[in-house]
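These are the residues of each chain, in order.
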Amino acid sequence: KVEGKIMKNIYLKIKYTTYYLFVLMSIRFNKDRKKNSLLSKKFIEWNNLIVLKKMNKIRLHSKEIAILLPHCIQLYTCPHKITSNINNCKECGLCKIGEISRLNKEYGVKVKVATGGTLARMFIKEEKPKLVLAVACERDLVSGIFDAFPMPVYGVFNKIVNGPCINTDVAIETIENILKEFS
């Protein structure tokens, strides 16, 4: 029984790694941004299906779920920096941080705003959530999901509104639906 479980985990890791490397190499050597975007989206869809399937087999407490956000979700000109603590948000409504703060209070999930991949990995390592809802751009989301493997990471693309890395947006409904389903 143990050997079967080990073999299944090895098989999943190989399958996951192969698909990830295919996506990564395609993006690296392909100059067509539309194809790269499509590959990234397909990878995230595939990953999210696996995560949903895995998470439907277990019941989570909301404190075992973490939301990981990029700093570009916050309004660039906001004087209340939330990278150290989301509770610094004054919930003015000019960006989605106030709504994320509401989800944090309502569901009791852990929320971290990271300024980069290193901080995101450190947060995951320290908090050890059972499920991560990660919001990021395509490139960062694909590499972050791979870095966190085998931890289940449900990926949500942020919406580029004013160009990359500034004043991005996210569909709060998507995050809230996942929280409702698993907590």
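Let us now look at the packing of aromatic side chains. To describe a pair of aromatic rings, one takes the distance between the centres and the angle between the planes. Inspection of the entire model under this criterion finds one aromatic pair. Here the aromatic rings of F43 and W46 are separated by 6.1 Å at their centres, their planes lie at 40°, and the arrangement is tilted. With a gap of three residues between them, F43 and W46 both fall in helix α2 (residues 33-55), about one helical turn apart. Judged by its relative accessible area of 0%, F43 is buried.

Moving on, we get to the pairing of strand β2 (residues 110-114). In terms of strand pairing, strand β1 (residues 65-70) meets β2 through five bridges, oriented parallel. If you follow L69 over to β2, its bridge partner there is V113. After leaving β1, the chain enters helix α3 (residues 97-107) and then returns to the sheet as β2, a path that is right-handed.

The next thing to look at is the sheet that holds strand β4 (residues 153-157). The sheet built from four strands is open, its strands ordered β2-β1-β3-β4 with parallel pairing. With one partner strand each, in any of the chains shown, β2 and β4 form the two edges of the open sheet. Taking the axes of each pair of neighbouring strands and ignoring which way they run, one obtains an average angle of 20° across the sheet. With four bridges connecting them, β1 and strand β3 (residues 131-136) associate as parallel partners. Residue A66 lies in a different strand from β3, and its bridge partner there is V132.

Buried within α3 we find I97, G98, I100, S101, L103, N104 and Y107. G108 occupies a position one or two residues after α3 and carries a positive phi of about 75°.

Tallied over the full model, the rule gives nine salt bridges. The residue E64 makes a salt bridge to K130 at a minimum N-O spacing of 3.0 Å. Of this pair, E64 sits in the loop between α2 and β1 while K130 sits in the loop between α4 (117-127) and β3, placing them 66 residues apart in sequence. On the accessibility criterion, E64 (24% relative accessible area) is partly exposed. Linked through salt bridges whose partners overlap, the residues forming this network are R102, E106 and E176.

Quick look at the pairing of β4 now. Of all five residues making up β4, four are buried, and the element is well covered by its neighbours. Pairing of β3 with β4 involves five bridges; the strand directions are parallel. Across the sheet, residue L133 finds its bridge partner in β4, namely Y154. After leaving β3, the chain enters helix α5 (residues 138-148) and then returns to the sheet as β4, a path that is right-handed.

Our next topic: the nonpolar core. Core analysis: the biggest nonpolar cluster contains 29 residues, and L131, L133, I175 and L179 have the highest contact counts within it. Sorting elements by how many residues they give to this core places helix α6 (residues 172-182) first, with five residues. If we skip the residues at most four places from it in the chain, I175 touches I67, I100, L103, L133, V135 and V170. Within the second largest apolar cluster, 18 residues are counted, among which are A120, A136, V142 and M151.

Taken together, the buried positions of α6 are occupied by I172, I175, E176, I178, L179 and F182. The buried residues of α6 all sit within an arc of 160° when viewed along its axis, so they share a single face. The exposed residues of α6 that point more than 90 degrees off its buried face are E173 and K180.

Let us now look at the environment of V170. Among the secondary structure elements, V170 is positioned in the loop between β4 and α6. Residue class for V170 comes out buried when judged on its relative accessible area of 0%. V170 sits 28 residues away from V142 along the chain, and the two C-alpha atoms are 17 Å apart. Apart from the residues lying within four places of it in its own chain, the contact partners of V170 are I73, K96, V135, V156, F157 and I175.

Cut-offs used in this document
- Residues numbered from 1 in each chain as written.
- Predicted model: local features only at pLDDT ≥ 70, side-chain atom pairs only at ≥ 80, totals over all residues.
- Heavy atoms only, no water.
- Phe/Tyr/Trp six-rings, centres within 6.5 Å; stacked < 30°, edge-to-face > 60°.
- Helix = DSSP H or I, 4+ residues; strand = E, 2+ residues; numbered from the N terminus.
- Buried < 20%, exposed > 50% of the residue type's maximum accessible area, 1.4 Å probe, protein only.
- Pairing = 2+ DSSP bridges.
- Right-handed = clockwise from strand over helix to strand, strands pointing away.
- Axes fitted to C-alpha atoms, helices over the stretch in contact; angles between N-to-C directions.
- Salt bridge = Lys/Arg side-chain N within 4 Å of Asp/Glu carboxyl O.
- Core = buried A, V, L, I, M, F, W, Y, C linked by side-chain atoms within 4.5 Å.
- Contact = heavy atoms within 4.5 Å.
- Arc of directions from axis to C-beta.

Take it as geometry only, folks, not as evidence of what the structure does.
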